Every structure is written in C-alpha cells, then in structure tokens.
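Close look at the chain arrangement
The primary structure of each chain is shown beneath.
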Amino acid sequence: MIRALKILLCLLGVSFALLVLLWTTFSRWVPIVANHFLPHPVTLSLSDPQLVGRQIQFPQIRITVDNCSIANLDNTRISFFPLRINIDGLNLAAECMDKIKTDDNSSTEPTNISDLLNSIPKFSLVIESINLQSWEKYQGSLWLRRTDDAKLALDYRGKNISLSSLITPSGQLLINEFFINLPQDTLPNDPLNPTTVSNIEPQRIELTAQLALPLTSEQMPETGDITAHFKLVELGKRLEAKLHWQRDQGLLSVTDVEFQRELFYLPWQISASQLIVSDGRWNWQDAEIPLHGGIAFQIDHWNQTINEMKVSGRLNMLTDAKKGKANVVLTVEPSHINLLNADINFRLYGQVKYDDMVLDINLPAKITGQIVSPTVAFLPGSLMRAYGQVTPTILLNEIRLPLAGTRLSAEGISGRLQAIVKVKEQYWGDFVVHLDGTANRFNIDKGKWFWNYWGNAQLPTLAARWDIKGNGSWQDTQLTLNSLTTGFDQIKYGLLSMSSPRLILTQPLIWQRDES
C-alpha cells in the first residue's frame, strides 16, 4: 500500500513537473507544432502566457510570412467553459498575403458545410479593434459567436462599415444589416471648388439578403433569390438589385426604385472555374443625353483568391444626336485583379455624339496601383479628337488631345499635356493654336503645370495675318504668364491702316488665386 502510494505520488510529481515545463516553455513549443499545420512559409510566434484570474493572457501574438508581419494580436485573453476569446487589437497587412505559397498539386476534399457548422462548439470571439493597413477607413470591432439561436453569428461595427449576419439552425444565411461608405477620393469632385468634397455626405451602400447555404464548399445552392437595396447618396437614388439563379445560370437586375426603370440586366452562367456574363444590357436616362448599351465579361478562377482571378470584358455605349448615332467601346484584356498592385490593360475607342459635336476616342491605357486609388497611364496611340458646330458662328474644325505618356491619378495629371485647336469664326476667319507643356501631379490649385503656346490666324476682315507665342505656368494657386508676344503683319479696315503692330509682355504677369 505504501509502495503504491509512493508510486502515485511520484507519478503526480512527474506530471506536475511536466506541466510546469510545458507551461514555462509554452511560447517555444507551440509555434513549432503550429508551423506543421500552417501553409509555408507562414510562422507563428507568441509571448509567454500569463494567468490573470480565470483567463490565460498573451500580451503579443504574431503571424509572419517571410519576415512580413501579416497579423499582430495585442493582449489576447482566453477563458474556458464556455470558450471566450477577447483581443484588444488586431493589425493586418494585406500586402503580405501575396507571399503565401499555395500547393497547386495538393488535393483537398470538399468541406461539408453542415457538418462543419454542427461541429463548432459554443464560443465567443471579440476583437475590440481591427485595423487593415491601406484600408484604415474601415477599422472596426468584431464579435463572432455560436449560440442556441444561431449556428454562427457575426457582427462588425465601424465608422464607415457595419455588418450583422447569422446562420440559422435551418441553414439560412441572413444579412440583417450591411452598409459601407465608399472612400471620398472615389466621389466626383468639382475641380474649381475642391473643398466641397468634405461637405458631401459619403456615398453609402446598404443591403439585406437571405441565402440558403450550399451542401459543400464546392457547390452552389440549387436555386436562390437575393434582393438588395442600395442608396446612392450622391445621386439621390434608391436602387433595388435582384439576383436569381437555378443550378449554373441566373440573372442579376438593378432597378431605379423611384421610376421603376431597369438600369442593368445581366444574365450569367457559372462553372467550376468561370463566371460568364453575356448579352447584358444597361440603361441610364439621367444624363443630359440618354445613354444605353451592352455589357459582357468573364471571370476566370472565380473560386480562387482575388489575386488569382482573371477578368476580361467588353462594354459599349450608344448615343444619338443631330449628326446621327455613335458607339464607344471599352474592352478589358484578361488581367489579374490585385487590390494593392493592379496591372490591368484596357482600351476605350469609338465615337460620342452630342448635338452638333462629335468626339473621336482612341485610348489604350493601363491601370496600376491600388484599386481604390489607381493610376491610369495612357499608352502610345492615345488620342482624343473633337469637331463640330459650337455656336451658329463658330465651327470647331478640330481639337486634338494627344495623351500618350500622360498619367492620371487621384493626385492629378502627370506627364506631357498637348492640345491643337483649329477654329473657324464666320466673320473673323481661321485660327490655329498649339499648347504643349508638362504637368506634375497637377489639379486645380494643386501641383505644377508648365506650358508653351503658339498660334496664327488668317483674318480676311482685317486683311491681316495674326500670330501669338509665349509660355507660362500654374504652380499650386499661382498662375504666371512669363512671356507673350502677339501682333499682325498689317491691319486694313476701312480708313484704318497699320503696319506690323505688336504687343509684347515686358515682365511676368502673376495671378495669385484665393487658396480658400
């Protein structure tokens, strides 16, 4: 009996010592075990745990990918029975996601969604602050939980985004509330009064939805219907979107609620790796001229991550004016979608007609940078050309805008800016003016723009030839006319006769615009 007691005490002592050893070395052996389950080259590191009341506390947990910190968790606290996890802060770096390597040869069995949800125990996860780098505007708090009334429930609350959703015991996914305020730099801005952006209510999108979950992760529900309502604050419109599908095909339509006018009609088909929209239509009656056209696009690898998806498509716009009908087309070459480093080639070409004016467009271009704040670089061959009757007495023979090498971003226009204007005035005669300069992040009252200009005209009324030449700049709020020389070879009008009159600017003319 005494010997058995000694053995029991020895086992208890060894067990206690082993537990103490495991606890004191927790931050060393747990990452080693976790690395066997994490995709290469993702690694886990954490600080030594602490016992605070009935909770286990980790001051710092970090997940890295090739020395790039993809996630930092601050002050994580875990308690059991029931399982509760509270995290003060989570900082995410989306750019590190590109470094995670996937094994194309690995095969995984489809996940049974119902079994997965049923296997989740009751728990509660609260993250007080989630901050995603490059998307700081959508910082918020998260609450994820399993309860008796919901197999899974998620709430996310932020200043510019909010989501409340749950999965019912019957397998229905309900989105009770969702809204998002779009970034301000995506809103239209008045270039002559840029301060008005801060006074505009953010563009807001709201929706609710109900969806029957599929049986496995590789399937879609056999049939389904989703109705969503969007409020476009800037346009003062309420839109209703309806999505219906049956097996591998469906229809998405968007309707103006006030006028009950269909804006988009997009029939689609889906397969294991492709989403195809064909014979789509769009219609917009709120512009100065009615606009309508067709739309078609294709998304390859739609079931992969966003960076692996490949998008291509075509959209056209039809206009009808005094000079007849016209068509302008936008084509997007097959391109991968990278939210942080886009590389999308597209071309906009065709004609737009409005009243007596015609606009010819040929703009091959490339989109780079972040999708929410991209840079558009115009490629060789980019040209816009307009002509037509401006007024009863003024005929615009041609205005040419070569844009090759020019870049457009939220900061403004950069690169070479050129224009050639040819005008015929019924009484005075023919004018030709050239403008050529260089811009650096130029917008109204922001950035820099330096230009040269020259031109000439034939003026039969005055029996004269006219010419002009000079240069200037627009730097932030200061406009400067550095040089100007203009004049006539002669003037003969009635009894008036002059020989070679000229006007020359002797010192720069400066106009300081009001910064407000």
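Overview of the structure. The model shown is predicted, which means the values in this text are computed figures rather than measured ones. (Residues numbered from 1 in each chain as written. Predicted model: local features only at pLDDT ≥ 70, side-chain atom pairs only at ≥ 80, totals over all residues. Heavy atoms only, no water.)

Both faces of the sheet carry side chains from a regular strand, because those side chains alternate between them. Here 4 bridges tie strand β31 (residues 490–493) to strand β32 (residues 496–499), and the two strands are oriented antiparallel to one another. Bridge pairing in β32 links glutamine 490 to serine 499. Hairpin connection, β31 to β32: the antiparallel pair is bridged by 2 residues, and glycine 494 has positive phi, about 65 degrees. (Pairing = 2+ DSSP bridges. Helix = DSSP H or I, 4+ residues; strand = E, 2+ residues; numbered from the N terminus.)

Bringing a nonpolar patch on the surface into the picture now. A surface patch of nonpolar side chains, amounting to about 500 Å² of accessible area, comprises Tyr427, Trp428, Tyr493, Leu496 and Met498. Here tryptophan 428 is to be found in the loop between β26 (412–425) and β27 (429–443). What makes tryptophan 428 partly exposed here is its relative accessible area of 37%. (Patch = residues over 30% accessible without salt bridge, like charges linked within 9 Å, V, L, I, M, F, W, Y side chains within 5 Å. Areas by Shrake-Rupley, 256 points an atom, 1.4 Å probe, with all protein chains shown as cover. Salt bridge = Lys/Arg side-chain N within 4 Å of Asp/Glu carboxyl O. Buried < 20%, exposed > 50% of the residue type's maximum accessible area, 1.4 Å probe, protein only.)

Further remarks concern the packing of aromatic side chains. Applying the stated criterion to the full structure yields 7 aromatic pairs. Between phenylalanine 442 and tryptophan 474 the ring centres are 5.3 Å apart and the planes differ by 65 degrees, which places this aromatic pair in the edge-to-face class. A residue pair is termed long-range when its members are at least 10 positions apart, and phenylalanine 442 in strand β27 and tryptophan 474 in strand β29 (residues 464–475) qualify at 32 residues. Look at tryptophan 449 and tryptophan 451: their rings are 5.1 Å apart centre to centre, the planes differ by 50 degrees, and that puts the pair in the tilted class. An identical accessibility class is assigned to tryptophan 449 and tryptophan 451; each is buried. Three or more aromatic residues joined by ring pairs make a cluster, and in this case those are Phe442, Trp449, Trp451 and Trp474. (Phe/Tyr/Trp six-rings, centres within 6.5 Å; stacked < 30°, edge-to-face > 60°.)

As a further point, take the pattern of salt bridges. Enumeration over the complete set of coordinates arrives at 17 salt bridges. The residue arginine 145 makes a salt bridge to aspartate 155 at a minimum N-O spacing of 2.8 Å. Of this pair, arginine 145 sits in strand β7 (residues 140–146) while aspartate 155 is found in strand β8 (residues 152–158), placing the two residues 10 residues apart along the sequence. For arginine 281, the salt bridge goes to glutamate 262, with nearest N and O atoms at 3.7 Å. Placement of arginine 281 in strand β16 (residues 274–284) and of glutamate 262 in strand β15 (residues 261–270) is noted, with a sequence separation of 19 residues between them. Arginine 281 gets classed as partly exposed once you look at its relative accessible area, which sits at 44%. Under the relative-accessibility criterion, glutamate 262 is labelled partly exposed at 35%.

A few words on the pairing of β8. Relative to β8, β7 runs antiparallel, the two being bridged by 6 bridges. Paired with serine 141 across the strands is arginine 157, a residue of β8. Where β7 folds back on β8, the antiparallel hairpin that results is connected by 5 residues. Judged from the 6 bridges that link them, β8 and strand β9 (residues 161–167) form a sheet pairing that is antiparallel.

Here phenylalanine 58 lies in strand β3 (residues 55–65). Given a relative accessible area of 7%, phenylalanine 58 falls into the buried group. Separated by 10 residues in sequence, phenylalanine 58 and aspartate 48 place their C-alpha atoms 6.6 Å apart.

Turning to the environment of valine 332, a few remarks are in order. Structurally, valine 332 can be placed in strand β19 (residues 324–336). For valine 332, a relative accessible area of 25% gives the class partly exposed. When the C-alpha atoms of valine 332 and leucine 348 are compared, they prove to be 9.0 Å apart, with 16 residues separating the residues in sequence. Those residues in contact with valine 332 that lie beyond four places of it in its chain are Val311, Ser312, Gly313, Ile344, Asn345 and Phe346. (Contact = heavy atoms within 4.5 Å.)

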